[in-house]
Amino acid sequence: MNGLLLEDRNAVIYGGGGAIGGAVARVFAREGARVFLAGRTQAKLDAVARDITAAGGRVETALVDVFDQEAVDRHAEAIATTAGGIDIALNAVSVMHDQGTVLADLSLEEFMRPIDGFLRTLFITSKAAARHMGHKRPGVLLTLSEPGSKLAVGGILGHSVSAAGKEAFSRVLAAELAPGNIRVICIRPHAVVDAPAAGSYTRELFEPTAAAAGQSVRELLADGGGMAQGTLLKRLPTLCEIAETAAFLASDRAGAMTGTVANLSAGALVD
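In short, a report on the structure. All of these numbers come straight from a predicted model, not from anything done at the bench. (Residues numbered from 1 in each chain as written. Predicted model: local features only at pLDDT ≥ 70, side-chain atom pairs only at ≥ 80, totals over all residues. Heavy atoms only, no water.)

**With respect to the sheet that holds strand β3 (residues 58–63)**
Strand order across the open sheet formed by seven strands is β3-β2-β1-β4-β5-β6-β7, with parallel pairing between neighbours. With partners counted over all chains shown, the strands left at the sheet margins are β3 and β7 (260–264), one partner each. Each neighbouring strand pair of the sheet contributes to a mean axis angle of 20°, computed without reference to strand direction. Both strand β1 (residues 10–14) and strand β2 (residues 34–39) contribute to a ladder of five bridges, which runs parallel. Following the sheet pairing, Ala-11 is matched in β2 by Val-35. Strands in contact with helix α3 (residues 69–83) are β1, β2 and β3; relative to β1, the strand with the most contacts, it is inclined by about 160°. (Pairing = 2+ DSSP bridges. Helix = DSSP H or I, 4+ residues; strand = E, 2+ residues; numbered from the N terminus. Axes fitted to C-alpha atoms, helices over the stretch in contact; angles between N-to-C directions. Contact = heavy atoms within 4.5 Å.)

Encoded structure:
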């Protein structure tokens, strides 16, 4: 089977200036997709766009607040009008949240922040994109989760509930959209070893955990390090592995997959 995986597909990536969103955008463009980057920081979007353009890819950027439903709807409508529809959408939006605080010390706001933040943006972006995909041209919605959806450990209440919610959302939405020829697949990476170096918010997120262990964030995420010890492969996934898998899942080669979770956690040991 030859050719580009995503040739002539229109792909919108929400959070396209981030570590995961940017990595996926670069691979999507390499595989022939016309990429539309949406986010709240123009400088980050421009950095990804420059890489794509330099490699001969097609890319457009737009400042979009994914918490603003009307703005997201307008953006999706504009893409569909100019490009003829949306074939692929990825929500790679990140929301800073608490990890490590137990119930007795956790405020309601801290608990709800990831639940409301992640699921609100997932609902808004999925609804906006799904209107313009499917039917004669197969559509694909990709979502992101974390092993926290399955972990039974203290101190991650809000994180765990939001991760489980994203997976449940994806599963149920897949059933709703399947008759319209739209697939929905959730990707579940672990902490990503090279994400902090790419500007991810996880550097700030993991700093307290690393400091408590007398390590840097880099040491915490390194092969064989503290977080990697909880995986079968004793290492964490890379941005490249996530991006390459996302391109495959969005392609016709994965056309029989929907309503499932692709586990890219390097075999995180979960209950």
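Still more ground to cover, so stick around.
**Side note on unusual backbone geometry**
Peptide bonds are, in most cases, trans, and in most cases residues other than glycine have a negative phi. Residue Asp-8 is not a glycine yet carries a positive backbone phi of 65°. Counting through the fold element by element, Asp-8 comes out in the segment before β1. Look at Ala-266: it is not a glycine, yet its phi comes out positive at around 65°. Note that Ala-266 resides in the segment after β7. Judged by its relative accessible area of 11%, Ala-266 falls in the buried class. (Buried < 20%, exposed > 50% of the residue type's maximum accessible area, 1.4 Å probe, protein only.)

**As for helix α5 (residues 157–177)**
Two residues of an α-helix separated by three or four positions point the same way, owing to the 3.6 residues in each turn. The end-to-end C-alpha distance of α5, which contains 21 residues, comes to 30 Å, matching closely the 30 Å that a straight helix rising 1.5 Å per residue would cover. All of the buried residues in α5 are Gly-158, His-159, Ser-160, Ser-162, Ala-163, Lys-166, Glu-167, Ser-170, Leu-173, Ala-174 and Leu-177. (Expected span 1.5 Å × (residues − 1).)

**Points about the nonpolar core**
Counting residues in hydrophobic clusters, the biggest one holds 40 residues, and the most contacted among them are Leu-6, Ile-13, Val-24, Phe-28, Val-35, Leu-37 and Leu-142. Here this core takes eight residues from helix α1 (residues 19–30), the largest share from any one element. Apart from residues lying up to four places away in sequence, Phe-28 is in contact with Leu-6, Ala-11, Ile-13, Ala-33, Val-35, Ile-88, Leu-142, Ala-246, Ala-247 and Ala-250. Formed by 24 residues, the second largest nonpolar core is a distinct cluster that contains Phe-36, Ala-38, Val-72 and Ile-86. (Core = buried A, V, L, I, M, F, W, Y, C linked by side-chain atoms within 4.5 Å.)

**Side note on the pattern of salt bridges**
As enumerated under the stated definition, the model contains 14 salt bridges in all. Of the charged contacts in the structure, one is a salt bridge between Asp-8 and Arg-58, with a shortest N-O distance of 3.9 Å. With a gap of 50 residues between them, Asp-8 in the segment before β1 and Arg-58 in strand β3 connect regions that are remote in the sequence. With its nearest N and O atoms 3.6 Å apart, the salt bridge here joins Arg-113 to Glu-109. Taken as a pair, Arg-113 and Glu-109 lie in helix α4 (residues 108–130) at a separation of four residues, close to a single helical turn. Accessibility expressed as a relative area gives 34% for Arg-113, which makes it partly exposed. What emerges from the salt-bridge pattern is a single network uniting Arg-30, Glu-31 and Glu-244. (Salt bridge = Lys/Arg side-chain N within 4 Å of Asp/Glu carboxyl O.)

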